[in-house]
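If you want the building blocks of each chain, they are given just below.
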Amino acid sequence: MSNTNTEALEPASTSFPDTDTILQRDEYVIHPWECFDRRHLDSRTVITHGEGIYVYDSEGNRLIDGPGGMWCVNVGHGRIELAEAMAEQARQLAYYSPWSLSNVPAANLARRIAQHTPGDLNNIFFTTGGSTAVDSALRFVAFYNNLLKRPEKKLIISRADAYHGSTYLAASCSGKARDKNYLDFETRLIHHLSSPNPYRRVQGMSVEAFLDERIDELESKILELGSDRVAAFIAEPILASGGVIVPPPGYHGRCLEVCRRHDVLYISDEVVTAFGRLGHMFASETVFDIVPDIITCAKGITSGYIPLGAVAISDRLISEVSDNENRGATFANGFTYSGHPVACAVALKNMDILKDDGLLEHVQDIGPYFQQQLATLNDLPIVGDVRGMGLMACVECVNSKESRMPLTKAYDIGNRIDAHCQQLGLIVRPLINMCVISPPLVINKEQVDTLVALLRKGIERATDDLKMEGLWSASEVIA
């Protein structure tokens, strides 16, 4: 990988209020996944600026950005090229309505994306992010079946542990049980199957048998609901926020075969995996050997520098809704900021960086090393599973390696590990009993070694906390 970014982007201002003042002002902010009874009790780290794989807090501490923002800062922090692309486009044309007019960056970006999508997925609909991309894909599926005079073919099948977004339909498709407790969701149209997590298979079951079981489950559900009523199956190539779950080899190909047999559309949710996270612009075909009907993407499309999402739809589907019989039918779905010229200009420059800096090839090279080094954490008594692919991974903590029972929320192990890691110089993303890592793609081997060493220390210190509080003991490992 050639790293041409020798000039780091300076923060807009090096003068910030003190941390206490910032946190007092932050009390006006409602954060995502806010627990309101703890809203003003938990102290948050305040990030002021970033460079490469690092961010800096308001106390001046340098921290490895383990989660890569939220799976998205692919080309790294402080890329002056992206800031300049943003400013240049804003000076030229900051905004115009996408309804009946076009703009140059949006047209250029749609063509560029279509050059990388698999098969005939050449039609690009721009959204504001991943959630609105998934919602738009699901609305297009309903539109498609209405025009084909199949008004009953509307059911969507998803999986437990999947995450597809926070807008209503996308959130309804998500299968993370802990997110379902206090909100309402669409239950008439959405049906969930079991998680494809091989770590959670029945004791003694082979991975091959587990795969067969999950494929049979999908086909049985389609037959149970009726193929004349099931419209689509939506799947992440890797279930990211569910804990970086890598389904068994061949899973996606066999799911696609089932969908084809029963005339069910396949939506590949690549909001996390596209734009380099697995070493390719898109992972559906190059990594998992499938050509879906629809792909959703966001996050890495701009490396998080500005919000943008997209839906890629196949020529076949567009052709079917464009024939003479459907003349005048309007897909009444869109957003004020669809194809936003500034966001599209940043995405174009971001794709240039991915190509010119050899970041896709770099991920293909360093990804196996990243996974290999993280796997060394398996020797820790509290670690049950280390899994991942490319530059995304999860470390799952359990009560014992034999039982594989996850440590419950009461242990607060994920937050404990994150707190210790931050003191050491690393941010991780805690998910109850799991820690997710998805660093910027520019990470090098020495930085991988440092990340893993800090994570090891953080896990060890959190384990010591549990021991001191009488919540866990090494004897439970062999229980």
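Being a predicted model, the structure only gives us computed values, none of them experimental. The numbering scheme is per chain: residues are counted from 1 as the chain's sequence reads. Owing to the predicted nature of the model, reporting of local features is limited to residues with pLDDT of at least 70; listing and counting of side-chain atom pairs is limited to 80 or more, with chain, interface and lining totals taken over all residues. Derived side-chain values reflect all non-hydrogen atoms in the structure, with water molecules and hydrogen atoms excluded from consideration.

Caption draft 1: Expanded view of the packing of aromatic side chains. Two rings from Phe, Tyr or Trp (for Trp, the six-membered ring) form a pair when their centres are within 6.5 Å of each other. A pair whose planes differ by under 30 degrees is stacked, one over 60 is edge-to-face, and the rest are tilted. The final tally for this structure, using the stated rule, is 10 aromatic pairs. Judged by centre distance (6.3 Å) and plane angle (65°), the rings of W33 and Y163 are edge-to-face. Taken together, the residues span a long stretch of sequence, with W33 in the loop between α1 (19-26) and β1 (47-51) and Y163 in the loop between β5 (155-159) and α6 (168-173) at a distance of 130 residues. The class for W33 is exposed, based on a relative accessible area of 57%. Summary of the burial criterion: residues with accessible area below 20% of their type's maximum are buried, those above 50% are exposed, and those between are partly exposed, where the area comes from a 1.4 Å probe applied to protein chains only. For Y163, a relative accessible area of 21% gives the class partly exposed. Residues F233 and Y266 carry aromatic rings whose centres are separated by 5.6 Å and whose planes lie at 75° to one another, so their mutual orientation is edge-to-face. Of this pair, F233 sits in strand β7 (residues 230-235) while Y266 sits in strand β8 (residues 265-269), and the two are 33 residues apart along the sequence. Both residues of the pair, F233 and Y266, count as buried. We note R404 situated over the ring of Y199; from NZ or CZ to the ring centre the distance is 5.6 Å. Positioned above the aromatic ring of Y369 is the side chain of K445, whose terminal nitrogen or guanidinium carbon lies 5.1 Å from the ring centre. Every helix listed is a DSSP run of H or I at least four residues long, and every strand listed is a run of E at least two residues long, numbered separately from the N terminus. Whether a charge lies above a ring is judged from NZ of Lys or CZ of Arg, which has to be within 6 Å of the ring centre and within 35 degrees of the ring normal.

Caption draft 2: Molecular detail of helix α7 (residues 207-225). For α7, which comprises 19 residues, the first-to-last C-alpha distance of 27 Å matches the rise-based estimate of 27 Å (1.5 Å per residue) to within 8%. Taken together, the buried positions of α7 are occupied by F210, L211, R214, I215, L218, K221, I222 and L225. The arc enclosing the buried residues of α7, seen along the axis, measures out at 135°, which places them on a common side. Exposed and facing more than 90 degrees away from the buried side of α7 are E208, L223 and E224. Backbone geometry just downstream of α7 places G226 in the positive-phi region, at approximately 100°. How far a helix is expected to stretch is found by multiplying one less than its residue total by 1.5 Å. By arc we mean the arc of the directions from the helix axis to the C-beta atoms, nothing more.

Caption draft 3: Region of the structure containing empty space enclosed by the protein. A 1.4 Å probe that fits into a set of points on a 1 Å grid over the protein atoms alone but cannot get out defines a cavity; an open set with protein on both sides within 12 Å along at least five of seven lines defines a pocket, and lining residues are those with an atom within 4 Å of a point. Grid points are joined across faces, edges and corners, and a volume is the space filled by probe spheres set on the points. Enumeration over the complete set of coordinates arrives at 1 cavity of 30 Å³ or more. By volume, the largest cavity is sized at about 40 Å³. Residue lining of the largest cavity: R159, A162, H164, P196, I234, A235, E236, L239, Y251 and H252, and that is the complete set. Mapped by element, the contributors of at least two residues to the lining of the largest cavity are β7 and α8 (251-261). Lys, Arg, Asp and Glu make up the charged group, whereas Ala, Val, Leu, Ile, Met, Phe, Trp, Tyr, Cys and Pro make up the nonpolar group; the residues left over, Gly among them, are polar. Within the lining of the largest cavity, the residues separate by chemical class into 6 nonpolar, 2 polar and 2 charged.

Caption draft 4: The arrangement of the packing of helix α3 (residues 80-92) against helix α10 (residues 341-356) in detail. For helices, the fitted line uses only the C-alpha atoms of the stretch in contact; every axis is such a line through C-alpha atoms, and the angle between N-to-C directions lies from 0 to 180 degrees. As a packed pair, α3 and α10 sit with axes 8 Å apart at the nearest point and diverge in direction by 150°. Judged on the interaxial angle alone, α10 and α3 are roughly antiparallel. By crossing handedness, the relation of α3 to α10 is classed as right-handed. Judged by residue contacts, E81, L82, A85, M86, Q89 and A90 of α3 engage P341, V342, A345, V346, K349, N350 and I353 from α10. Split by residue class, the contact of α3 with α10 holds 9 nonpolar, 2 polar and 2 charged. Orientation labels follow simple angle bins: below 35 degrees gives roughly parallel, above 145 gives roughly antiparallel, 65 to 115 gives roughly perpendicular, and whatever is left gives oblique. Rotating anticlockwise by less than a right angle from the far helix to the near helix defines a left-handed crossing, while the corresponding clockwise rotation defines a right-handed one. Residues count as neighbours in contact if any of their non-hydrogen atoms are within 4.5 Å of one another.

Caption draft 5: Fine view of unusual backbone geometry. You will see that D161, though not glycine, has its phi angle at about 75°, which is positive. Following the sequence through the fold, D161 ends up in the loop between β5 and α6. With relative accessibility at 25%, the residue D161 sits in the partly exposed group. Of note, F275 is a non-glycine position whose phi angle comes to about 65°, a positive value. Within the secondary structure layout, F275 lies in the loop between β8 and β9 (294-297). You can call F275 buried: its relative accessible area is 0%.

Caption draft 6: Highlighting the confidence of the model for the chain. How sure the predictor is of each residue is captured by pLDDT, a score from 0 to 100. Looking at the chain, pLDDT values average 94 and 96% of them are 70 or higher. Segment residues 2-10 is flagged for pLDDT under 50; beyond a separation of four residues in sequence, or across chains, it makes 19 contacts in the model.

Caption draft 7: Fine view of the side chain of D293. Considering the arrangement of structural elements, one finds D293 in the loop between β8 and β9. Residues adjacent in sequence count toward polar contacts only when both atoms are side-chain atoms; beyond that, a polar contact is any pair of N or O atoms within 3.5 Å, and within protein one must be able to donate a hydrogen and the other to accept it. At 2.8 Å, the side chain of D293 forms a polar contact with the backbone nitrogen of Y266.

Caption draft 8: Structural detail: the pairing of strand β2 (residues 54-57). Across the two faces of β2 the burial is the same, with Y54 and Y56 and V55 and D57 all buried. Inspection of the sheet shows β1 paired to β2 by 4 bridges, in the antiparallel sense. Along β2, the bridge assignment pairs E51 with Y54. Two strands are counted as paired when DSSP detects at least two bridges linking them. Hairpin geometry of β1 and β2 is characterised by an intervening segment of 2 residues between the two adjacent antiparallel strands and by a positive phi of about 65° at G52. The pairing of β2 with strand β3 (residues 62-65) spans 3 bridges and is classified as antiparallel. Bridge pairing in β3 places V55 opposite L63. Hairpin connection, β2 to β3: the antiparallel pair is bridged by 4 residues, and G60 has positive phi, about 90°.

Caption draft 9: Spatial organisation of the sheet that holds β8. Taken together, 7 strands build an open sheet; the order of strands is β4-β10-β9-β8-β7-β5-β6 and the sheet is mixed. The open sheet is flanked by β4 (123-127) and β6 (190-193), the only strands paired with a single partner. Adjacent strand axes in the sheet meet at a mean angle of 20° when their direction is disregarded. With 4 bridges connecting them, β9 and strand β10 (residues 309-313) associate as antiparallel partners. Counted as the bridge partner of T296 is V311 from β10. Set on the sheet, helix α5 (residues 130-147) makes contact with β4, β5, β7, β8, β9 and β10; between it and β9 the angle comes to about 160°. Sitting on the sheet, α7 touches β5, β6 and β7, and the angle it makes with β5 is about 160°.

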